[in-house]
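# Understanding the architecture of this molecule
Residues per chain, in single letters:
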Amino acid sequence: MSADTKKSNIDIEHAFNTQYGYKAQSIASAHARVNLIGEHTDYNNGLVLPTLLPLTTNVAAAIHSSVPEDTVVVCSTFEEQEDSGRAVGTTHTLSLLEKKRGMWTDYVIASLREVKKHIRGPLPGLALYIHSSIPAGAGISSSAALEVALIRVVKTLLSIEIGDMTIATMAQRAENEYIGLPCGLMDQMVISLAFENHALCINFYDQKQPSYEPAPLFKNHVFLVVFSGISHRLAEGDGGYKTRFAQCQEACKQLHIASLSQLSVQDLQSHTLQDTILCKRVEHVVQENKRVRDAYAALIDGDIQVFAECMNTSHISQRDLYQCSIPEIDILCEESLAHGALGARITGGGFGGAIVLLVHEHKKEKLRNAILAQHKEARILAELTVP
Ligand code: GLA
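Position labels on residues start from 1 in each chain and follow its written sequence. Where totals are concerned, whole chains, interfaces and linings use all residues; where local detail is concerned, this predicted model gives features only for residues with pLDDT of at least 70, and gives and counts side-chain atom pairs only at 80 or more. Excluding hydrogens and water, the side-chain values take into account all heavy atoms of the structure.

Now for the pairing of strand β9 (residues 343-347). Burial classification: accessible surface area is computed with a 1.4 Å probe over protein chains only, and a residue below 20% of its type maximum counts as buried, one above 50% as exposed, and the rest as partly exposed. Numbering of helices and strands runs from the N terminus, with a helix taken as a DSSP run of H or I at least four residues long and a strand as a DSSP run of E at least two residues long. The element β9 is largely enclosed, with a buried count of 5 among its 5 residues. Note on pairing: two strands pair once DSSP finds at least 2 bridges between them. By the bridge criterion, 5 bridges tie β9 to strand β10 (residues 354-360) in an arrangement that is antiparallel. What sits directly across from Ala-344, in β10, is Leu-357. A loop of 6 residues connects β9 with β10, the two strands running antiparallel in sequence, and Gly-348 in this loop sits at a positive phi of about 90 degrees.

Okay, here's the thing in structure tokens:
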């Protein structure tokens, strides 16, 4: 899937009915997320501060009596085709036992396999219709939203007891095991547990039971989420993400610690690592944890300046230490600051994708116009303002 930022929501119930000729029995949705600060810290048992975006993936489902157990017929608008001048979705028939195809349908199989494991038995044949307004590859978690929406829709359809935290861990396992991306739990957890207009400060120090605290977003200030026009592909090939994950594991091994979040900022002066690349990765994670702590306190206190400063140093750290930014995004951040943003940073897995900006409401319009005038390929994905 390439990032297509123009899709809006459709009437999913009606789309299901038109496709299959009978009514959907269950409807669910899940939001995209933006991480305000705390990057590449979740899989290092650290801190993150994400929030939900007003973009969703919607799924309609019903039992499909004419396909066997563990089989799903899925139609989505991810790949639209023209039919008599009308855009229609593409249909695939999938077996939950099949191997990865290297396309979006893998996420359907991965998520439903987790539900199958949860109920310890086969799933009935299913019909699904999926529509998403979340662009893929833009760094705002289209895959986690798809996984959570799918688990939610089947949970309701089959009346299965699954708590929100369990949905998050099932969705993460779907990504780790079937898709093969060693991602942390941030995306799935915020999407499953958070509510709009609030950021969720999550502490992954105890991976089994992460703790979390909500905090309302700033008044009179806006978080703008801007897609750079360059898609990232974290799950395909190396994509940079797996290498960073492996480097953090290696640093832990050499330091004889269980996770990098056991280190404090003071420890950075005295650790024994020799490899300069590993030193950079460790420094990013340790300082980023401190920045999330400071930014969360600033959000509670309404201290815009401190929050913005944390965002800016976070970007520099991702650029120079974790090396997960790209030059086009560095330029976009610098120009945004020059046009009135107070804070600017790359968000999500990196290596492309989106930036998040903090700007005063009065300067928002000028900033938007300046970005869109200078970067034809950039798109504003969302504006987060507290009503
Ligand atoms: C991706 C992963 C998350 C997290 C971020 C980086 O979004 O899915 O678990 O690691 O990258 O902060």
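There's plenty left to go through after this.
Moving on, we come to the site of the ligand. Neighbouring the ligand are the residues Arg-33, Glu-39, His-40, Asp-42, Tyr-43, Cys-183, Gly-184, Met-186, Asp-187, Tyr-241, Gly-348 and Gly-349. Contacts described as polar in this section are N or O atom pairs within 3.5 Å, which, within protein, must combine one atom able to donate a hydrogen with one able to accept it, while residues neighboring in sequence count only if both atoms come from side chains. Interatomic distance of 3.0 Å between a backbone N/O atom of Gly-184 and an oxygen atom of the ligand. Notes on the ligand: free accessible area 310 Å², of which the protein chains cover 95%. Looking at side-chain class alone, the shell around the ligand contains 4 nonpolar, 4 polar and 4 charged residues. These domain limits were set by an automatic method or by a database of domain assignments. When residues of the shell around the ligand are sorted by domain, at least three fall in each of domain 1 (3-214) and domain 2 (218-384). Residue proximity to a molecule or strand is established when one non-hydrogen atom of the residue lies within 4 Å of it. Areas reported here follow the Shrake-Rupley algorithm with a probe of radius 1.4 Å; residue values treat only the protein chains shown as occluding. Gly is put with the polar residues, along with every residue not named as nonpolar or charged; the nonpolar set is Ala, Val, Leu, Ile, Met, Phe, Trp, Tyr, Cys and Pro, and the charged set is Asp, Glu, Lys and Arg.

Before going further, it helps to examine the domain arrangement of the protein. Taken domain by domain, the protein holds domain 1 (3-214) and domain 2 (218-384). Taking the mean C-alpha position of each, domain 1 and domain 2 sit 25 Å from one another. Carbon and sulfur atoms supply 69% of the area that domain 1 and domain 2 bury against each other, a total of about 3400 Å² over both sides. By the criterion of area lost to domain 2, the three top residues of domain 1 are Ile-37, Glu-39 and His-40, representing 19% of everything that side buries. A pairing counts as a salt bridge when a side-chain nitrogen of Lys or Arg comes within 4 Å of a carboxyl oxygen of Asp or Glu. Taken together, the connections running from domain 1 to domain 2 amount to 1 salt bridge. Between Glu-39 and Arg-345 there is a salt bridge; the shortest N-O distance is 2.7 Å. In this description, buried area is defined as the sum, over both parts, of the accessible area (probe of 1.4 Å) that is lost when the two are combined.

Axes, fitted as lines to C-alpha atoms, cover a helix only where it is in contact. Angles between the N-to-C directions of the axes lie from 0 to 180 degrees. Remark: helix α9 (residues 304-320) packs on helix α10 (residues 327-338), axes separated minimally by 11 Å, with the N-to-C direction vectors making an angle of 160 degrees. For the element pair α9 / α10, the angle class is roughly antiparallel. You can see that α9 and α10 cross each other, and the crossing is left-handed. From α9, Asn-312, His-315 and Arg-319 reach across to α10, where they touch Ile-329, Asp-330, Cys-333, Glu-334 and Leu-337. Of the residues belonging to the contact of α9 with α10, the class tally is 3 nonpolar, 2 polar and 3 charged. For classification purposes, angles smaller than 35 degrees are called roughly parallel, those larger than 145 roughly antiparallel, those between 65 and 115 roughly perpendicular, and all remaining angles oblique. Note on convention: near helix rotated counterclockwise from far helix by under a right angle means a left-handed crossing. Clockwise means right-handed. Working rule for contacts: check all heavy atoms of both residues, and any pair within 4.5 Å makes them a contact.

Bringing α9 into the picture now. In this analysis, the expected span of each helix is defined as 1.5 Å times one less than the number of residues it contains. When the terminal C-alpha atoms of α9 are compared, their 24 Å separation across 17 residues agrees well with the 24 Å that a helix rising 1.5 Å per residue should span. For α9, the set of buried residues is Ile-304, Phe-307, Ala-308, Cys-310, Met-311, Asn-312, Ser-314, His-315, Ser-317 and Gln-318. With a side-chain oxygen lying 3.4 Å from the backbone nitrogen of Gln-305, the N-terminal cap of α9 falls on Asp-303.

Let's shift gears to the side chain of Ser-336. Within the element layout of this structure, Ser-336 appears in helix α10. Exposure remark for Ser-336: the relative accessible area of 1% places this residue in the buried category. Excluding residues within four positions of it along the chain, Ser-336 makes contact with Ala-341, Ile-355, Leu-357, Leu-367 and Ile-371.

This next bit is on the sheet that holds strand β8 (residues 221-227). Reading across from one edge, β9-β10-β8-β11 is the order of the 4 strands in this open sheet, with antiparallel pairing throughout. Only two strands of the sheet have a single neighbouring strand rather than two, namely β9 and β11 (379-384). The average undirected angle you get between the axes of adjacent strands in this sheet is 25 degrees.

As a further point, take the nonpolar core. Here, the term nonpolar core denotes a set of buried Ala, Val, Leu, Ile, Met, Phe, Trp, Tyr and Cys residues that are joined through side-chain atoms within 4.5 Å. Leu-49, Leu-128, Phe-223 and Phe-307 are the most contacted members of the largest nonpolar core, which totals 86 residues. Here this core takes 10 residues from helix α3 (residues 142-157), the largest share from any one element. Split by domain, this core shows at least three residues from each of two domains, domain 1 (3-214) and domain 2 (218-384). In this structure, Phe-307 is in contact with Leu-36, Leu-49, Phe-218, Phe-223, Ala-295, Ala-298, Leu-299 and Leu-358, ignoring residues within four places of it in sequence. Within the second largest apolar cluster, 21 residues are counted, among which are Cys-183, Cys-252, Leu-260 and Leu-273.

Right, let's get into the state of the cysteines. By definition, a disulfide is the covalent link that joins the sulfur atoms of two cysteine residues. Disulfide: a pair of cysteine sulfur atoms within 2.5 Å of each other. Under the criterion given, the structure shown has 0 disulfides. For the unlinked cysteine Cys-279, the closest cysteine sulfur is that of Cys-248, found at 12 Å. For the unlinked cysteine Cys-324, the closest cysteine sulfur is that of Cys-248, found at 10 Å.

This part covers the confidence of the model for the protein. Looking at the protein, the pLDDT average stands at 93 and 93% of residues meet or exceed 70. Overall, residues 1-6 carries pLDDT values under 50, and its contacts beyond four positions in sequence, including any with other chains, amount to 15 contacts. Known as pLDDT, the predictor's confidence for each residue is given on a scale from 0 to 100.

Turning to unusual backbone geometry, a few remarks are in order. In this structure, Asn-45 takes a positive phi of about 60 degrees despite not being glycine. In this structure, Asn-45 sits in the loop between β1 (26-37) and β2 (47-63). Here Asn-45 falls in the buried class, since its relative accessible area comes to 17%.

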